[in-house]
Amino acid sequence: MTTRAIPATVITATCLVASCAWANPPLVEEAFANMGNKLDWSFTVATDTLESSRIEQHVASGGESDWTLVTLDGETPADEAQREYRERKAKETQKRRERGGNGFDTIAVDDSFELIEETDTHAVFSFQPAPDSDDDEKIMSMLRGLMKINKAGPYVESLQMNNSGKLKPAPMVRIHSLTIDIQFGPASDGGPWVPMSNTTVLEGKMAGFKKINQNTTIRYSDYSAPGQASE
């Protein structure tokens, strides 16, 4: 079942990765600077949950975004549903663009990155996820993050977040297990790295007996630069 009580920042993890510039290790800073902003590209998004599926297309042109809901549960959406979708996505995208940058600036608490593993090719850092708002502070404080950096760029190759204790996002709601896994890759040959997939698995209970099970997978594909056809 799905509950609205769980903050969007936790469920979708669309906040992605980051920290304050003065608090990050140099390798982390360099990796962040090399990452791309997916909104600068046209791409396709396929989202699958236990209850539904949808396919969306984002077209970037002249610094603007145009979103289309291609299918919802395998069907072409009605005109009204398409209109509401486009209005909602336009507002979300405008807020994201107003924040600027590539999305790697709001998720880690200051000075929380700690190197826990390093090889010739990769480095893994733990970090404390930061809240997007005061409403998220309690929940985000119970999460722990791991970031894997590919030294070849360097780039952020993957990001995971897991809960370190039971989460209580609302009265009568208890989250026992939350896992978020975001994978990154090049938008094109030699291009900047952008999100490729985002998987969220959540288990809990509502009112002590109603099970909450969410399994959401978001896949990004067909990246192309503005004015370029998707391959």
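Residues numbered from 1 in each chain as written. Predicted model: local features only at pLDDT ≥ 70, side-chain atom pairs only at ≥ 80, totals over all residues. Heavy atoms only, no water.

S.K.: Hey, could you run me through the nonpolar core in this one?
M.R.: Among soluble globular proteins, nonpolar side chains are generally buried collectively. Counting residues in hydrophobic clusters, the biggest one holds 30 residues, and the most contacted among them are Phe113, Phe127, Val156 and Phe184. Of all the secondary-structure elements, those providing two or more residues to this core are α2 (26-34), β5 (122-127), α4 (137-140), β6 (143-150), β7 (155-163), β8 (167-170), β9 (173-186) and β10 (193-206). Top contributing element to this core by residue count: β9, with six residues. Listed in part, the twelve residues of the second largest apolar core include Trp67, Tyr85, Ile218 and Tyr220. (Core = buried A, V, L, I, M, F, W, Y, C linked by side-chain atoms within 4.5 Å. Buried < 20%, exposed > 50% of the residue type's maximum accessible area, 1.4 Å probe, protein only. Helix = DSSP H or I, 4+ residues; strand = E, 2+ residues; numbered from the N terminus.)

S.K.: Just to check I follow, could you spell out the side chain of Ser197 for this structure?
M.R.: Relative to the assigned elements, Ser197 resides in strand β10. In this structure Ser197 touches Asp181, Ile182, Gln183, Ile218, Arg219 and Tyr220, once residues within four positions along its chain are discounted. (Contact = heavy atoms within 4.5 Å.)

S.K.: Explanation requested: the environment of Tyr85 in the structure shown.
M.R.: The topology assignment puts Tyr85 in helix α3 (residues 79-99). A sequence separation of 18 residues divides Tyr85 from Trp67, and the C-alpha atoms of the two residues are 8.3 Å apart. Filtering out sequence-adjacent residues up to four positions away, Tyr85 remains in contact with Glu56, Trp67, Thr68 and Leu69. There is a polar contact of 2.7 Å between the side chain of Tyr85 and the side chain of Glu56. (Polar contact = N/O pair within 3.5 Å; in protein donor to acceptor, adjacent residues only side chain to side chain.)

S.K.: Explanation requested: a positive patch on the surface in the structure shown.
M.R.: On the surface, a cluster of positive charge is contributed by Lys138, Lys166, Lys168, Arg174, Lys205 and Lys211. Note on placement: Lys211 falls in strand β11 (residues 210-224). (Patch = residues over 30% accessible without salt bridge, like charges linked within 9 Å, V, L, I, M, F, W, Y side chains within 5 Å. Areas by Shrake-Rupley, 256 points an atom, 1.4 Å probe, with all protein chains shown as cover. Salt bridge = Lys/Arg side-chain N within 4 Å of Asp/Glu carboxyl O. Lys, Arg positive; Asp, Glu negative; His and termini not counted. Charge placed at Lys NZ, Arg CZ, Asp CG, Glu CD.)

S.K.: When you look at the pairing of strand β3 (residues 64-72) in this model, what are you seeing that I'm missing?
M.R.: In regular strands, side chains alternate between the two faces of the sheet. Relative to β3, strand β2 (residues 53-61) runs antiparallel, the two sharing eight bridges. Paired with Val59 across the two strands is Asp66, which belongs to β3. (Pairing = 2+ DSSP bridges.)

S.K.: Would you explain the confidence of the model for the protein in this entry?
M.R.: Low pLDDT means the predicted atomic positions in that stretch should not be read closely. Mean pLDDT over the protein stands at 84; residues scoring 70 or higher make up 87%. Low pLDDT, under 50, characterises residues 1-22; the stretch is placed with 76 contacts to residues that sit more than four places away or in other chains. (pLDDT = per-residue confidence, 0-100.)

S.K.: In this structure, what is going on with the pairing of β10? I would like to understand it.
M.R.: One ladder, built from 13 bridges, connects β9 with β10; its direction is antiparallel. Following the sheet pairing, Thr179 is matched in β10 by Val201. The turn linking β9 back onto β10 is made up of six residues, and Gly190 within it adopts a positive phi angle of 80 degrees. The hairpin turn running from β10 into β11, its antiparallel successor, is three residues long, and Ala207 in that turn takes a positive phi close to 60 degrees.

S.K.: Could you clarify how one ought to interpret the pattern of salt bridges in this entry?
M.R.: Once the charged atoms of two side chains with opposite charge are near each other, the side chains can pair. Under the defined criterion, the tally for this structure stands at ten salt bridges. Here Asp66 makes a salt bridge to Arg86, at a shortest N to O gap of 2.6 Å. Separated by 20 residues along the polypeptide, Asp66 in strand β3 and Arg86 in helix α3 bring together distant segments of the chain. Owing to a relative accessible area of 33%, Asp66 belongs among the partly exposed residues under this scheme. The partly exposed category is assigned to Arg86, whose relative accessible area is 33%. One salt bridge connects Arg88 with Glu92, and the closest N-O pair in it is separated by 3.3 Å. Remark: Glu92 and Arg88 occur in helix α3; sequence separation between them is four residues, near one turn of the helix. Overall, Arg88 belongs to the partly exposed group, its relative accessible area being 43%. Through salt bridges that share partners, Arg54, Glu56, Arg88, Lys89 and Glu92 make up one connected network.

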